[in-house]
Amino acid sequence: MSHAAIQGASQKVTEAKEQIAVCKREFQAAMRAGDVQKQRLYESWIDHWHQKLAEEKRPRKRNAERSNTFKLDLHALHVDEALDEVAKTISDLSKMKCIWKVEVVTGKGLHSVKQNPKLLPAVKQYLAARLIEFWNAPGMVVFMLRPSAD
């Protein structure tokens, strides 16, 4: 959370506490005056500001919508070694309780024989066979990985 966001939340908490104090004073004054209608009004405002206060103090969900990025660089690996690394990475990251954006760097195949890429198509085929949706970026394959159910 940024400094400005923390400061804004702090101001909202302070405002809610001040409003609760004002409403309590007014509620007590209405009680002393025997004004039941004002008592109910201030009682509802106290409830409202307590709810606002609880919302600001409630911890924000973290990692539920946010993702972490993991970059797996497969440069200089043979296809079988690279696919073993992809499998191990998927297995390890899926055990963690967050969403991962996985960037698998394969290179463009410029150093392959006849500049014919081998890693990039192999990784795409591996992911497609496991029904993992991915998208291309220059010299890499990117996919999202969610926690496993177990």
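One can find the structure itself at the top, above this paragraph.
Every chain begins its residue count from 1, and numbering advances along the sequence as written. Restriction of local features to residues with pLDDT of at least 70 applies here, the model being predicted, together with a cutoff of 80 or more for giving and counting side-chain atom pairs; totals for whole chains, interfaces and linings are based on all residues. To obtain the side-chain values, all non-hydrogen atoms of the structure were included, while hydrogens and water were left out.

Student: Residues and numbers for the packing of helix α3 (residues 79-94) against helix α4 (residues 119-129), please.
Tutor: Packing of α3 against α4 brings their axes to within 10 Å, and their N-to-C directions diverge by 40°. The pairing of α3 with α4 is recorded here as oblique in orientation. Between α3 and α4 lies a crossing whose hand is right-handed. Across the interface between the two elements, V79, A82, L83, V86, A87 and I90 from α3 touch L119, A122, V123, Y126 and L127 from α4. In terms of residue class, the contact of α3 with α4 is made up of eleven nonpolar, no polar and no charged. Lines fitted to C-alpha atoms define the axes, with helix axes restricted to the stretch in contact, and inter-axis angles between N-to-C directions lie between 0 and 180 degrees. The way it works is that DSSP assigns letters per residue, a run of H or I at least four long becomes a helix, a run of E at least two long becomes a strand, and they are numbered from the N terminus. Each angle gets one of four labels, with under 35 degrees taken as roughly parallel, over 145 as roughly antiparallel, 65 to 115 as roughly perpendicular, and the rest as oblique. Left-handed describes a crossing in which the near helix is turned anticlockwise from the far one by less than a right angle; the clockwise case is right-handed. We call two residues in contact when some of their heavy atoms are within 4.5 Å. Charged residues are taken to be Asp, Glu, Lys and Arg, nonpolar residues to be Ala, Val, Leu, Ile, Met, Phe, Trp, Tyr, Cys and Pro, and polar residues to be all remaining types, Gly included.

Student: Pulling in residues and values, what's your account of the nonpolar core?
Tutor: Here, the term nonpolar core denotes a set of buried Ala, Val, Leu, Ile, Met, Phe, Trp, Tyr and Cys residues that are joined through side-chain atoms within 4.5 Å. Only protein chains enter the accessibility calculation, which uses a 1.4 Å probe; a residue is then buried when its area is under 20% of its type maximum, exposed when over 50%, and partly exposed in between. If you look at the biggest cluster of nonpolar residues, it comprises 19 residues, and the most contacted ones within it are L74, V86, I90, L127 and F143. Listing elements by their share of this core, those giving two or more residues are α3, β2 (99-105), α4 and β4 (140-145). Considering every element that reaches this core, the biggest residue donor is α4, with five residues. The residues contacting V86, other than those within four sequence positions of it, are L72, L74, V104, V123, Y126 and L127. Ranked by size, the runner-up nonpolar core spans nine residues in total, among them C23, Y42, I46 and W49.

Student: Describe unusual backbone geometry, listing the residues and the values that go with them.
Tutor: Despite not being glycine, A76 has its phi angle at roughly 70°, a positive value. With respect to the helices and strands, A76 occurs in the loop between β1 (67-73) and α3. Residue classification places A76 among the exposed residues on the basis of a relative accessible area of 82%. For L131, which is not glycine, the phi torsion reads 55° and is therefore positive. Along the chain, L131 turns up in the loop between α4 and β3 (134-137). On the accessibility criterion, L131 (75% relative accessible area) is exposed.

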